[in-house]
Amino acid sequence: MSPTRPDTASIDQVWTLSQLATEFSARLEQEWPPLWVRGEISGYSHHAASGHRYFTLKDARAQFTAVFWRSRADQSSVQPANGLQVEALVRLVFYGPGGKLQLDVQRLRAVGRGDLMQALLDLKEKLTAEGLFLPERKRPLPAYPFRLGLLTALGGAALQDMLKILARRWPLAHAYLLPVPVQGPGAGPALADALRRLAAWPGLDLDLILLGRGGGSFEDLHGFNDEGLVRAIAACPIPVISAVGHEVDTTLSDFVADLRAPTPSAAAELAVPDVAQVRELVEDLGRRLAGSMHARVQGSARHLHALRTHRALARPEQRLRQANQRLDELDSRLRVLMARPMAGRRESLDLLRRRLQVALQRLQGEAAQRVVDWPRRLELPVRRRLREGDAESRARLAELGRAMRRTLDDGARRVEELGTRLERLETGRLRQRMLRMGFLLARDGEGKALATLSGLPAGTRLQLEFNGGEAEAELLRIKEHAS
Amino acid sequence: MSTASLTFEQALLRLEELVQRLEEGEIGLEDSLTAYREGMALHRLCQERLRKVEEELLTVLQEDGSAAAAPVRPSTGEADDALPF
């Protein structure tokens, strides 16, 4: 059975807390109809799953927690935001499970920004105009920082978070912490001063500074909006990563820092590489280094081998044999032609001789060019790659060159001989034929054939060759024809 | 600049550059041998630096301007059992 109301109930009656909460809620509703209150929003959060908005409404001396249910908040033209000065139509309710009185917001209207927020926005505008937040001012972070400066509170969650990440990802680094209060009055100037000292600490020679703290209210983080701190970060000779609060919190330190990290853990993640990956990178480079050198040497060896076993270079004697065979063929054809009747033979002989010469010249030219080219083509790359070279292949090459030249010289001599023989043969046969036709060949006393008798004195002794014999004669008289 | 005086980052960048040049094969055999030797020295240097795990992760700097001898060890959560400190 339900207890009667306190004003009518006996003092001895025992209530359950649930009964009290229910009764209290009912009385609040009855005695406090909805009313307008004015205050500044702080500690705002938008619950992602439910869509309800929770915040604190406060003024200089009091604060109430407030809830703005999704159904109403979604309809509201004014959305809650930290630092926002608002007037809210609220119902006073008692939230039993939380044991607290809270404001159930029905409607919300803005009455201008909160003083803190207004001051912050003014400052942000001023520093933006000065160019402090420009992207081009941001310095590149060192890829492999070994000496890290930490600027946060000793014993804070931010420090633990950062150290955990550093130890896991990049245990090669050493961190130097300058403990500094990260909230409360004076936090901003203290941070600015600490940053300047840390950056200039004798002998520290830091690669990178991480600045931050864990989450908190707008007021808790306000030290990181301090103008002096912002300017100290901008002037810091060492790159700075700023990580203040949670993802949703952004301070002026975040804007001015070289990198803004959403949380202290993320700052550490962004600050250092993963040692396992870097080790893998170094090992990979080592493998590639050895691999490329190996490929290089193998490539040179293959090239040398290819040159050495090149068809023409490997068997020059075969080409020379072919050239000799060609000479023999020409020789044979020459003989066949010689055996044919005289008619048409002269032309054939001339033709044959020309072809013989052309073939020989081409052969000589080609072969000579190859003999010149091969050593150059082989030796230049080889010498470039292997200073010592390959003595054996060079000697072999030189020997081949000499052999080729010898054989070519032999070939040239043979062709010359053949030409001479051809000429002799031709002259001999022609002479036979002329003699058979009844012509005489006259020679002087020394046996030299005479092309003409013109100008010879009378009494000159001549030897006359005729078909089938010779005769001795004496010149009696010369009668020259008029030319 | 001698290899030993390079920072880790400089050594790694130089090593990458040498590997790239060797892989492109634009340099002569003799130069590639020189590059290879330098690359091997850099590779060893990088490996050594990567082996040097800090025994103490943190030094707390004192207000008087000295570096404290009292290092703070990070708390060990359940995921931290394998950490090297």
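Cut-offs used in this document
- Residues numbered from 1 in each chain as written.
- Chains lettered and ligands numbered in written order.
- Predicted model: local features only at pLDDT ≥ 70, side-chain atom pairs only at ≥ 80, totals over all residues.
- Buried ≥ 20, exposed ≤ 12 C-beta atoms within 10 Å, placed from the backbone.
- Helix = DSSP H or I, 4+ residues; strand = E, 2+ residues; numbered from the N terminus.
- Pairing = 2+ DSSP bridges.
- Right-handed = clockwise from strand over helix to strand, strands pointing away.
- Contact = placed C-beta atoms within 7 Å.
- Axes fitted to C-alpha atoms, helices over the stretch in contact; angles between N-to-C directions.
- Nonpolar A, V, L, I, M, F, W, Y, C, P; charged D, E, K, R; others polar.
- Expected span 1.5 Å × (residues − 1).
- Arc of directions from axis to C-beta.
- pLDDT = per-residue confidence, 0-100.
- Parallel < 35°, antiparallel > 145°, perpendicular 65-115°, else oblique.
- Left-handed = near helix turned anticlockwise from the far one by under 90°.
- Core = buried A, V, L, I, M, F, W, Y, C linked by C-beta atoms within 7 Å.

**Q** Describe the pairing of strand E6 (residues 147–152) of chain A, listing the residues and the values that go with them.
**A** Residue and element names in this part refer to chain A. Most of E6 is tucked away: five of the six residues are buried. Where E6 and strand E7 (residues 174–179) come together, six bridges link them in parallel fashion. Bridge pairing in E7 places Leu150 opposite Leu177. In this view, the connection linking E6 to its parallel neighbour E7 by way of helix H4 (residues 157–169) has right-handed handedness. Alignment of E6 against strand E8 (residues 208–213), held across four bridges, turns out to be parallel. Bridging across to E8, Leu150 finds its partner in Leu210.

**Q** Can you explain the sheet that holds strand E9 (residues 240–244) of chain A? Please cite residues and give values.
**A** In space, the six strands of this open sheet follow the order E10(A)-E9(A)-E8(A)-E6(A)-E7(A)-E1(B), with parallel pairing throughout. Because the sheet does not close on itself, it has two edges, and the strands there are strand E10 (259–260) of chain A together with strand E1 (58–60) of chain B. Across the sheet, H4(A) lies against E6, E7 and E8 of chain A together with E1 of chain B, angled at about 160° from E6(A), the strand it touches most.

**Q** Outline the interface of chain A and chain B, listing residues and values.
**A** Counting from both sides, the interface comprises 36 residues of chain A and, opposite them, 35 residues of chain B. Elements that contribute at least two residues to the side of chain A that touches chain B include exactly H4, E7, helix H9 (275–308) and helix H12 (345–385) of chain A. Of the residues forming the side of chain A that touches chain B, the biggest block, 12 residues, is contributed by H9(A). Across the side of chain A that touches chain B, the residue classes break down as 23 nonpolar, five polar and eight charged. Pairing of E7(A) with E1(B), which is carried by three bridges, proceeds in the parallel orientation. Paired with Tyr176(A) across the bridge in E1(B) is Thr59(B).

**Q** Before we move on, can you summarise helix H5 (residues 187–199) of chain A with the specific residues and values?
**A** All names here are of chain A. A rise of 1.5 Å per residue sets the reference length of H5, with its 13 residues, at 18 Å; its end C-alpha atoms lie 18 Å apart and thus fit the reference within 8%. Residues of H5 that are buried: Ala187, Gly188, Leu191, Ala192, Ala194, Leu195, Leu198 and Ala199. Down the axis of H5, the buried set is contained in an arc of 165°. They therefore lie on one face.

**Q** Pulling in residues and values, what's your account of the confidence of the model for chain B?
**A** Mean pLDDT for chain B: 75, with 71% of residues reaching 70 or above. The model gives residues 74–85 of chain B a pLDDT under 50, and that stretch makes 18 contacts with residues more than four places away or in other chains.

**Q** How would you summarise the sheet that holds strand E11 (residues 441–443) of chain A if you had to cite specific residues and measurements?
**A** All names here are of chain A. Ordered in space as E11-E12-E13, the three strands form an open sheet in which the pairing is antiparallel. Where the open sheet ends on each side, the last strands, each with one partner, are E11 and strand E13 (469–474). Here the strands of the sheet are splayed against their neighbours by 30° on average, with no regard to which way each runs. Bridge count between strand E12 (residues 461–466) and E13: six bridges; the pairing is antiparallel. Note on E13: the bridge partner recorded for Leu464 is Ala471.

**Q** Quick rundown of the packing of H5(A) against helix H6 (residues 227–235) of chain A? Include the residues and the values.
**A** Residue and element names in this part refer to chain A. Put simply, H5 and H6 touch, their axes get as near as 7 Å, and they point 20° apart. Compared by their axis directions, H5 and H6 come out roughly parallel. The chirality of how H5 crosses H6 is left-handed. Counting all contacts with H5, which are made through Gly188, Pro189, Leu191, Ala192, Leu195 and Arg196, the residues of H6 involved are Gly228, Leu229, Ala232 and Ile233. Class assignment of the residues belonging to the contact of H5 with H6 gives a composition of seven nonpolar, two polar and one charged.

**Q** Could you give an account of the packing of helix H1 (residues 8–24) of chain B against helix H2 (residues 29–51) of chain B, naming the residues involved and the relevant values?
**A** The description of two packed helices rests on the angle between their axes and on the distance between the axes. Residues and elements named next belong to chain B. Packing of H1 against H2 leaves a shortest axis separation of 9 Å and a crossing angle of 145°. Crossing of H1 against H2: the hand is left-handed. Across from Phe8, Ala11, Leu12, Arg14, Leu15, Leu18, Val19, Arg21 and Leu22 in H1, the residues of H2 making contact are Ser32, Ala35, Tyr36, Glu38, Gly39, Leu42, His43, Leu45, Cys46 and Arg49. Classifying every residue of the contact of H1 with H2 gives 12 nonpolar, three polar and four charged.

**Q** Provide a residue-level description of the nonpolar core, including the pertinent values.
**A** Of all hydrophobic cores here, the largest spans 75 residues; its most connected members are Leu166(A), Leu195(A), Ile209(A), Leu210(A) and Ile241(A). The residues touching Leu210(A), leaving out its near neighbours within four places in the chain, are Leu148(A), Leu150(A), Met162(A), Ile241(A), Ala243(A), Ala267(A), Ala268(A) and Ala271(A).

**Q** Please give an account of the environment of Pro273(A) that cites residues and values.
**A** Residues and elements named next belong to chain A. Note on placement: Pro273 falls in the loop between helix H8 (264–271) and H9. C-beta crowding within 10 Å serves as the criterion here: with 16 such atoms nearby, Pro273 is assigned to the partly exposed category. Not counting the four nearest positions on each side in its chain, Pro273 is found in contact with Ala143, Tyr144, Trp170 and Val278.

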